[in-house]
Amino acid sequence: MHNYTREDILQLVEEEDVAFIRLQFTDIFGMMKNMAVTVSQLEKALDNRCMFDVSSVEGLSCEEDSDMYLYPDPRTFEIFPWRPQQGKVARLICDVYRPDGTPYEVDPRYVLKKAIAEAAEEGYTMNVGPECEFFLFHTDDDGLPTTLTHEKAGYFDVGPLDLGENARRDMVLTLEDMGFEITSSHHEIAPAQHEIDFRYDEALVTADNLMTFKMVVKTIAKRHGLHATFMPKPRTETYGSGMHINLSLNRNGVNAFQSADDKNGLSREGYYFIGGLMKHIKAITCITNPTVNSYKRFVPGYDAPVYIGWSSKTRGPLIRVPSGRGENTRIELRSPDSTANPYLALAVLLMAGLDGIRNKIEPRHSIDRNIQKMTRQQREELKIDELPRTLKDAVDELEKDEFIQQVLGKDLAEKIIRARRKEYQAYSMQVTDWEITNYLHRV
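Residues numbered from 1 in each chain as written. Predicted model: local features only at pLDDT ≥ 70, side-chain atom pairs only at ≥ 80, totals over all residues. Heavy atoms only, no water.

Concerning helix 9 (residues 391–400)
Right, on to step 1. Taken together, the buried positions of helix 9 are Leu391, Ala394, Val395 and Leu398. Down the axis of helix 9, the sector holding all buried residues measures 100 degrees, keeping them to one side.
Right, on to step 2. Looking at the buried residues of helix 9, the elements they touch are helix 6 (268–288), helix 10 (402–408) and helix 11 (410–428). (Buried < 20%, exposed > 50% of the residue type's maximum accessible area, 1.4 Å probe, protein only. Helix = DSSP H or I, 4+ residues; strand = E, 2+ residues; numbered from the N terminus. Arc of directions from axis to C-beta. Contact = heavy atoms within 4.5 Å.)

See below:
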């Protein structure tokens, strides 16, 4: 994120021959939207005078007033590297405001900004480092996506086994052109599966970066004749794609999670933060794993968490304390996937953790062995609970958790609950190929 002023942007647009500006915002389902304006309308946009109709934007629609305004954040100005060098295209990420000049409460970016402000009042800022996985598949003759790939590469393989290496390299270079600090990129476990990691940053910057990241990955994949998908489980027989989220709190410029005197390197605030996450994780799952397909990833044997536990010793639990200590102390939540709206996901994670700190919620003892290899009796003896197994289960949990609903705002929470119930109902009515294969000839 830059420290651009209004005048900086006007000067850059002139110097770089920018012709179009996309005013971007995010709907409640995490889909990027935009309204494009020509450079002649840029001053109007920077003066917060660009109005748009939300009545047809699913989830953002408002019964009282359909006219809203886009307030660009000057710090998010970026020129797209892949567009023409003459008549370039740039973007500004925007907040959604009501005509009376107040923030629109259903705007996901506002929900996160509100949570950040509340944390700041208690002296905290949250740093976030995501790990985003995705698949690169072929397209058909009409350019439509498939789940086909010729690739057979696996974890950390290189070319020529890694057929997506060139596309991934161009993604990294494009992201760096847009100000990202890429820390690593590699082939993942499944054929055609990849991961690109970028440097942690404050919560709002990271949420903006996640939206930009997905746009860049999809755009560059298309330029290589491929389709990039962040769908959690596009193929039955192999691993799914997650988005592990690394979290830490800073207080007065110091990592509030660190403690040199603790065996796990964690402060009391670190433990309480874990306690808050574990208390609310079932409801949070409806936000961090918001699609029917998200729950196809939560199956034993495919490196995704299924049960609710934490550890600093093993790699497989829901919450892991990685080996970095001191200023590098952090908590890794391994359940989210990239279909999550990053603004809402980070808002509920931050506030759940703060709830743990405020109320000194101690997490249950760590589970330093593979929970998925335990018997059911062993898990019951240790009182190990499990994550919601379907979207319906997660919606039910969100409906029961008043605290998480309050973080989202009652109106937004109701919109999400209603939309996800509708999605699950539509899914439940579908007759699948598996049912035809297993039942048609037998009954």
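Resuming the write-up.
Some details on helix 1 (residues 6–15)
Right, on to step 1. Along helix 1, the residues that are buried comprise Ile9, Leu12 and Val13. Seen along its axis, helix 1 keeps its buried residues to an arc of 100 degrees; they face one direction. Every exposed residue of helix 1 that faces more than 90 degrees away from the buried side is listed here: Glu14 and Glu15.
Right, on to step 2. Summarising the contacts, the buried residues of helix 1 are in contact with strand 1 (18–26), helix 2 (42–46) and strand 6 (88–97).

Observations concerning empty space enclosed by the protein
Right, on to step 1. Under the definition given, this model contains 2 cavities of 30 Å³ or more.
Right, on to step 2. Considered as a void within the structure, the largest cavity measures approximately 60 Å³ in volume.
Right, on to step 3. Taken together, Ile28, Phe29, Cys286, Ile287, Pro290, Asn341, Leu344, Ile416 and Arg420 form the lining of the largest cavity.
Right, on to step 4. At the level of elements, helix 6 and helix 11 are the ones that each hand at least two residues to the lining of the largest cavity.
Right, on to step 5. Across the lining of the largest cavity, the residue classes break down as 7 nonpolar, 1 polar and 1 charged.
Right, on to step 6. There is about 30 Å³ of room inside the second largest cavity.
Right, on to step 7. If you go around the second largest cavity, the residues you meet are Cys132, Leu210, Lys214, Met243, Ser338, Ala340 and Pro342.
Right, on to step 8. Of the residues assigned to the lining of the second largest cavity, the class counts are 5 nonpolar, 1 polar and 1 charged. (1 Å grid on protein atoms, 1.4 Å probe; cavity = no way out; pocket = protein on both sides within 12 Å on 5 of 7 lines; lining within 4 Å. Points joined across faces, edges and corners; volume = space filled by probe spheres on them. Nonpolar A, V, L, I, M, F, W, Y, C, P; charged D, E, K, R; others polar.)

Section: the pattern of salt bridges
Right, on to step 1. Under the defined criterion, the tally for this structure stands at 30 salt bridges.
Right, on to step 2. In this structure, Asp170 engages Arg169 in a salt bridge whose closest nitrogen and oxygen atoms are separated by 3.5 Å.
Right, on to step 3. By relative accessible area, which is 46% here, Arg169 ends up partly exposed.
Right, on to step 4. One connected set of salt bridges, linked through shared partners, spans Asp73, Arg75, Asp95, Arg109, Lys113 and Asp208. (Salt bridge = Lys/Arg side-chain N within 4 Å of Asp/Glu carboxyl O.)

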